[in-house]
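So the chains spell out like this:
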Amino acid sequence: VDANGIPVSLKGNNDLLCFSKPDLIKDVHKEYYMGGSDICETNTFNGTGISQGEYKMQEIVYELNKVAAQLCKKAAAEVTKEQPDKPRFVAGAIGPTSRTLSVSPSVEDCSFRNVTWDELVDSYKEQVSGLVDGGVDILMIETIFDTQNSKAAIFAVDQYFIETGKERLPVMLSATIVDNSGRTLSGQTIEAFFVSVKHAKPLTVGINCALGAAQMKHFYKQLSDLNTGWCHVYPNAGLPNAMGGYDEDPEIFSNNIYDYAKDGILNFVGGCCGTFPSHIAAVAKKVKDCPPRKLPELPKYPYMQLSGLEPAFVKPETGFQWVGERCNLMGSAKFKKLVDAYKWDEAMEVCLAQTEKKADILDFNFDSDLIDGQSAMGKFMRMCVTEPQVAKLPFMIDSSKWPVIEEGLKCVQGKSIVNSISLKVGEEEFLRQAMLCKRYGAAVVVMAFDEQGQAATFEDKVRICQRSYKLMRTKVDFPPEDIIFDCNVLTIATGLPEHNSYGIDFIKAVEEIKRTCPCVSFSGGLSNLSFSFRGLTALRDVMHSVFLYHAIPKGLNMSIVNPGGLPRYTDIDPKARKMCEEVILNQSEDGNHVERMLEFAEQVKNPPAAEAAAPAPTLKIEKSTAVEQKDFLRSLKCDVSCTAEHVVPEPKAGLVDVCRMEGSIETSKV
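None of these values were measured; they are calculated from a predicted model.

Asks: So what's going on with empty space enclosed by the protein? Residues and values would help.
Replies: For the structure on display, the rule yields 3 cavities of 30 Å³ or more. Contributing to the lining of the largest cavity are 13 residues, with Gly308, Ala391, Val412, Gln413 and Gly414 lying nearest its centre. Looking at the second largest cavity, the residues that line it are Ser545, Leu548, Leu566, Pro567, Arg568, Tyr569, Gln629, Phe632 and Leu633. Among the secondary structure elements, those contributing two or more residues to the lining of the second largest cavity are helix H19 (537–551) and helix H23 (626–635).

Asks: Quick rundown of the pairing of strand E12 (residues 395–398)? Include the residues and the values.
Replies: What you see with E12 is no split at all: Phe395 and Ile397 on one side and Met396 and Asp398 on the other are buried throughout. Two strands pair when backbone bridges link them, and strand E11 (residues 361–365) and E12 are joined in this way by 4 bridges, in the parallel orientation. Counterpart to Asp363 in the pairing with E12 is Met396. Where E12 and strand E13 (residues 417–421) come together, 3 bridges link them in parallel fashion. Note on E13: the bridge partner recorded for Met396 is Ile417. For the crossover from E12 across helix H15 (residues 402–409) to E13, the handedness is right-handed.

Asks: Requested: an account of the sheet that holds strand E5 (residues 204–212), with residues and values cited.
Replies: Spatially, the 7 strands line up as an open sheet ordered E1-E2-E3-E4-E5-E6-E7, and their pairing is parallel. Of all the strands in the sheet, just strand E1 (39–41) and strand E7 (268–269) have a single pairing partner and so form its edges. One ladder, built from 2 bridges, connects strand E6 (residues 230–236) with E7; its direction is parallel. Bridging from a neighbouring strand, Val233 pairs with Val269 of E7.

Asks: With reference to specific residues and values, describe the sheet that holds strand E19 (residues 558–561).
Replies: Strand order across the open sheet formed by 8 strands is E18-E17-E14-E13-E12-E11-E10-E19, with parallel pairing between neighbours. Looking at the sheet topology across the chains shown, the edges are occupied by strand E18 (521–523) and E19. Here the strands of the sheet are splayed against their neighbours by 30° on average, with no regard to which way each runs. With 4 bridges joining them, strand E14 (residues 443–447) and strand E17 (residues 483–486) adopt parallel strand pairing. In the strand pairing of E17, Val445 is matched with Ile484. Sitting on the sheet, helix H18 (residues 502–516) is in contact with E17 and E18, with an inclination near 165° to E18.

Asks: Talk me through the layout of surface pockets; I want residue IDs and the actual numbers.
Replies: Estimates place the volume of the second largest pocket at around 1,500 Å³. Along the walls of the second largest pocket sit 50 residues, with Lys201, Thr228, Leu298, Glu481 and Asp657 positioned nearest its centre. Secondary-structure elements contributing two or more residues to the lining of the second largest pocket are helix H7 (190–197), E5 and helix H8 (213–226). Per-element accounting of the lining of the second largest pocket gives the leading share, 3 residues, to H8. Broken down by class, the residue content of the lining of the second largest pocket amounts to 25 nonpolar, 10 polar and 15 charged.

Quick notes on the rules
- Residues numbered from 1 in each chain as written.
- Predicted model: local features only at pLDDT ≥ 70, side-chain atom pairs only at ≥ 80, totals over all residues.
- Heavy atoms only, no water.
- 1 Å grid on protein atoms, 1.4 Å probe; cavity = no way out; pocket = protein on both sides within 12 Å on 5 of 7 lines; lining within 4 Å.
- Points joined across faces, edges and corners; volume = space filled by probe spheres on them.
- Helix = DSSP H or I, 4+ residues; strand = E, 2+ residues; numbered from the N terminus.
- Buried < 20%, exposed > 50% of the residue type's maximum accessible area, 1.4 Å probe, protein only.
- Pairing = 2+ DSSP bridges.
- Right-handed = clockwise from strand over helix to strand, strands pointing away.
- Axes fitted to C-alpha atoms, helices over the stretch in contact; angles between N-to-C directions.
- Contact = heavy atoms within 4.5 Å.
- Nonpolar A, V, L, I, M, F, W, Y, C, P; charged D, E, K, R; others polar.

Printed below as a string of structure tokens:
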């Protein structure tokens, strides 16, 4: 009954058949096993408290999942006893729920959600508890239409095994695409989906439900080409007909599956809606002589993979990445004014403008004394993931406050970048935050800070970054390609001699760290470099461009910038360019480069009266478009290579790659 005492219909709550018809459920499992299935799923597709809550049955969730697992396990045991040469396994089915973290159910408020990340995690964790106690061999998070929901399920799985201390079971992840666009309901391509969830180290990643096998092959091939682990597909028996049924008989269905198998692109295969034991039997017979897909060779030096609605691969040949700064309260006075006034729709226009100016990644920072940064981050992230032009890009969740960062990560389905963590908080907290970044599936910016403060010299930058790298690799098994170092761009040409080498020290530190720490990337906040010339925007832009011209070849591959606001190196007049190079590289023939730069800045600020009427200004910059600027920066190639060996993680530092476990076990012992 509901809160008003009115009976609630249980029609459609098929999971309850585990209680009312247990023998029937066990026999259905057994039929599929006898048809040739190695793995059957439990009858728990709606086995979360959120889904059962729609029937007011949330109180029975643990028992439901445990009993469902036991019934499937009994069927598996009976068939394995009859056919000991072919062990049968049980996958605990974890469905997507009817709620979504990435799509608003309200047409009036795109930031509204009817479920939170924490509620989903708690609900999934309760389901996992029942499935594990019931004896499942595998956990299958399936029919994923919103990647953020699946990330919450992955987080819950890990949380359960961390809290209980039990050995983590293999996890299978299965997305569903809604139409021939090849995207999930929440808008991600299948490649972006994979990038977003690969941190789970799954047993398999694949596609189920949605379309028939014939329509899904193209998208499955995209997934199998990207996935370094095992892949699966279990489609429907074609598209649903007008009556809601499925028309592909076992012969047609198995022929469509054979089209995959003959190409050697399958590891696991099965059936979803409309497939009966006869379909499974036909598939098993059809593909039994086909070779399984071989695991691709792992690259020695993997590259960073990010995602929004679409994947973003940061390969060495990709070149420099623009991180748009205009949605940062410290990077845009306009954006700050709009956010402080709660003008969210107008703030979104600032965000959209960056995508039009070809930003590769979008930075978001809401650290302000006038607003609740955590609430603002959550609201704006929920808005951003519903705006396709914005959501297609990876996000950089930027804050000096960890709760604000976590709030952002709980709202974004793509693989984001956390900006930032550092050893300033001590090793224990640093490693805790690094582990959480990994569990949320995020890359991370690591600042060159330690317990003693900010690294200013070349030696300190290198020492702190190498220490951070070693800790993250040995203690957390953090993917090296997902580590981005910010070696602290500090202000030069201040008039203080000790600041003169800050620019070149940064560039040299990047070069040394890239040479000794495999796979890492580098970022930097350019505005700090020219802070002593605030108010002189054109001169600051020139300094930033010259700095990038020298830093990118040494390894700097991303930076927080104003897209379209950086002149090309060749756009700058030679005189200004030379003076900027002298102060950045801290070298000149007479050693008076800082004084010359300060004098030049004064001339730019207050042009001589005689020159005011002259046709040529003190600082001359040719106009160029955002596309031209981006193309120029991407034409600058890194000339530093890393040949260092990888740091080996400590035992049990991270998740086991179950696709590549060494050794074997005799079938009879299973």
